[in-house]
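Fold and geometry: a report
Listed here are the chains, written in short residue letters.
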Amino acid sequence: MTISPSGPALQSRFGAAVTRVVESCGDTIAYVSRDRAHEILAWLRDDPGQHFNYLTDVTAVEYRDAERPLEVVYQLRSLDRKADLRVKIELAKREPLEVDSVCDLWKGANWLEREAFDMFGVRFRGHPDLRRILMWETYAEGYPLRKDFPLRGHFSRAEQTRQALAANPEAHYSLEELSIAETFHELPAEMRERLAKGERGKVG
Amino acid sequence: MGLTPVPAPESRAELDAASPNWVTTKLSALINWSRTRSLWPMPFGTACCAIEFMATAASRFDLARFGMERQSFSPRQADVLICAGRLPFKLAPVIRRVWDQMPQPKWAISMGACASSGGIFDTYTMVQGIDTIIPVDVYVPGCPPRPEGLLYGILLLQKKISGESLTDTALREEQVLGPHGLFLPPSRIDEVSEPFGNSVHQTRSA
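Residues numbered from 1 in each chain as written. Chains lettered and ligands numbered in written order. Predicted model: local features only at pLDDT ≥ 70, side-chain atom pairs only at ≥ 80, totals over all residues.

Another point: the overall build of chain A. A tally of helices and strands in chain A yields 5 helices and 7 strands. For chain A, the succession of helices and strands along the chain, N to C, is α-β-β-α-β-β-β-β-α-β-α-α. Sequence-distant contacts, at least 24 apart, represent 46% of the contacts inside chain A between residues at least 6 apart. (Helix = DSSP H or I, 4+ residues; strand = E, 2+ residues; numbered from the N terminus. Contact = placed C-beta atoms within 7 Å.)

In structure tokens:
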């Protein structure tokens, strides 16, 4: 396999903002700078010659080598051209882990970015709803997929049990997550009123 | 529960009052007989054990032979909670609420290695045995247990219920959850779970 034509196209258009383009196991990987990543991803989506209209995944990687930067990975797919491209942003660990959200480009990025935030602590600027998604919202032990996170967590089992039991499983779900949004008008008036006021579930 | 030492009665009259008589023993036997043969299970299936549970409930193994004709998907009409699969911490308050919603008399079966001890998932997400959240009557080992294993566990539970006494109100007491879950001292945990893991030096409380 050779490098996808999107790689050289990126380099000629964005110059130094694309630090390098490599080929690995048949996939093309473009490393881009954090500051222009959003602009580059928008171009990859909208340019007629690229047209990467499907965002397969957003995730992050941390390597065992402590000096090596943490990477945020965007896996793009063009459904029309049947082409793939992987875009990576390298984040030095001594700097704040922050990148721009791509929720405005691909709506599907919403939960993917929440997962990357939940597991790695990468903050996505401009994300409409950056909350934990896999761990419960009051989870206080840190970011589980970071290399400095012990397998059994930071707290003792007793403390973990206590915190888990203190969590309210109904407290933090939005209307959309409860699938009420589409049938909102069919709900009883009294319930609509309560939900409109933002009332959330309570443990009895 | 059964491990708690009962203080010895001090007088003969107290002993007589505490001892079951002919009527209560016969009544107990009748009631226990009916309870053992109409256990309604509340399946709490979270993983591959739930697939084995479904196989147990289906026609080949046929749970209905043991009086479990009706799967009770509402905890309020259930007698036995069968936790089939691993329990993450995120589900801990959920299973506790399901258990609290079940009316007495109620029992719990912990099905499989993960529900009983956390199994291979000795990680930050996993409850290390559901007996830290709810009291368990029967543990079924296996990963996952075969349907025969679960049926044997159910038969053991029926045997346990047959030996219950109506006069023993402690059996029907709700076990209140402390701030850190159900409290068992580490020595007790090691005592009931020995041997644990793949080494004689590994203890469950550690």
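Let us keep going from here.
So, about the sheet that holds strand β3 (residues 107-111) of chain B. Residues and elements named next belong to chain B. The strand order across the open sheet formed by 4 strands is β1-β2-β3-β4, and the pairing between neighbours is parallel. Each having just a single partner strand, β1 (41-45) and β4 (138-140) make up the two edges of the open sheet. Direction aside, the axes of adjacent strands within the sheet are offset by 15 degrees on average. Bridging between β3 and β4 involves 3 bridges; their strand directions are parallel. Of the residues in β4, the one forming a bridge with M111 is V140. Sheet contacts for helix α3 (residues 48-57): β1, β2 (80-84) and β3; angle to β1, the most-contacted strand, approximately 145 degrees. Along the sheet, helix α6 (residues 147-162) makes contact with β2, β3 and β4, crossing β4 at roughly 170 degrees. (Pairing = 2+ DSSP bridges. Axes fitted to C-alpha atoms, helices over the stretch in contact; angles between N-to-C directions.)

Quick look at the pairing of strand β2 (residues 27-32) of chain A now. All names here are of chain A. Judged by which residues are buried, β2 turns out to be one-sided: T28, A30 and V32 face inward and are buried, whereas D27, I29 and Y31, on the alternate face, are not. Note: strand β1 (residues 18-24) against β2, 6 bridges, orientation antiparallel. Within β2, the residue paired with V18 across the bridge is V32. Here 4 bridges tie β2 to strand β5 (residues 83-91), and the two strands are oriented parallel to one another. The partner of A30 across the bridge, within β5, is V87. (Buried ≥ 20, exposed ≤ 12 C-beta atoms within 10 Å, placed from the backbone.)

For the rest of this paragraph, the subject is the environment of D46(A). Residues and elements named next belong to chain A. Structurally, D46 is set in helix α2 (residues 37-46). Taking the number of C-beta atoms within 10 Å as the measure of exposure, D46 has 12 and is therefore exposed. C-alpha separation for the pair D46 and E95, spaced 49 residues apart in sequence, amounts to 31 Å.

Residues and elements named next belong to chain B. Where α3 is concerned, the buried positions are C49, E52, F53, T56 and A57. Taken around the axis of α3, the buried residues stretch over an arc of 140 degrees, which confines them to a single face. Turning to α3, the residues buried within the fold contact β1, β2, β3, α5 (112-117) and α6. (Arc of directions from axis to C-beta.)

Quick look at the nonpolar core now. Membership of the largest hydrophobic core comes to 45 residues, with the highest contact counts inside it found for V80(B), L81(B), I82(B), C83(B), I95(B) and M111(B). Breaking this core down by element, the ones donating at least two residues are β1, α3, β2, α4 (92-101), β3, α5, β4 and α6 of chain B. Per element, the largest residue contribution to this core is 5 residues, and it comes from β2(B). When near neighbours in sequence (up to four residues on either side) are disregarded, L81(B) contacts M42(B), F44(B), V98(B), W99(B), M102(B), K106(B) and A108(B). With 32 residues, the next largest nonpolar core counts L76(A), L85(A), V87(A) and A116(A) among its residues. (Core = buried A, V, L, I, M, F, W, Y, C linked by C-beta atoms within 7 Å.)

At the junction of Q104(B) and P105(B), the peptide bond is cis and its omega measures out at -5 degrees in the coordinates. Tracing the sequence through the fold places P105(B) in the loop between α4 and β3. C143(B) connects to P144(B) through a cis peptide bond whose omega is -15 degrees. For P144(B), the location among the structural elements is in the loop between β4 and α6. In this structure, K82(A) takes a positive phi of about 55 degrees despite not being glycine. Topologically, K82(A) is positioned in the loop between β4 (70-78) and β5. Located in the positive-phi region is D62(B), a residue other than glycine, with phi close to 60 degrees.

Facing 15 residues of chain A, the contacting portion of chain B comprises 15 residues. Of the residues in the side of chain A that touches chain B, the class split is 8 nonpolar, 3 polar and 4 charged. (Nonpolar A, V, L, I, M, F, W, Y, C, P; charged D, E, K, R; others polar.)

Turning to the sheet that holds β4(A), a few remarks are in order. All names here are of chain A. The strand order across the open sheet built from 5 strands is β1-β2-β5-β4-β3, with neighbouring strands paired in mixed fashion. Each edge of the open sheet is held by one strand with a lone partner, namely β1 and β3 (54-61). Between one strand and the next, the sheet's axes are offset by a mean angle of 20 degrees, whatever the strand orientation. Pairing analysis gives 9 bridges linking β4 to β5, with the strands arranged antiparallel. Across the sheet, residue V73 finds its bridge partner in β5, namely K88. Against the sheet, helix α1 (residues 6-14) makes contact with β1, β2 and β5, and its axis sits at roughly 175 degrees relative to β1, the strand it touches most. Each of β2, β4 and β5 is contacted by α2, which is oriented at about 175 degrees to β5, the strand it contacts most.

With that out of the way, let us pick up the confidence of the model for chain B. All names here are of chain B. Residues with a pLDDT of 70 or more make up 78% of chain B, whose mean pLDDT is 81. For chain B, per-element mean pLDDT is lowest for helix α7 (residues 186-193), which scores 64, and highest for β3, which scores 93. Confidence metrics for the complex model read pTM 0.75 and ipTM 0.72. (pLDDT = per-residue confidence, 0-100.)

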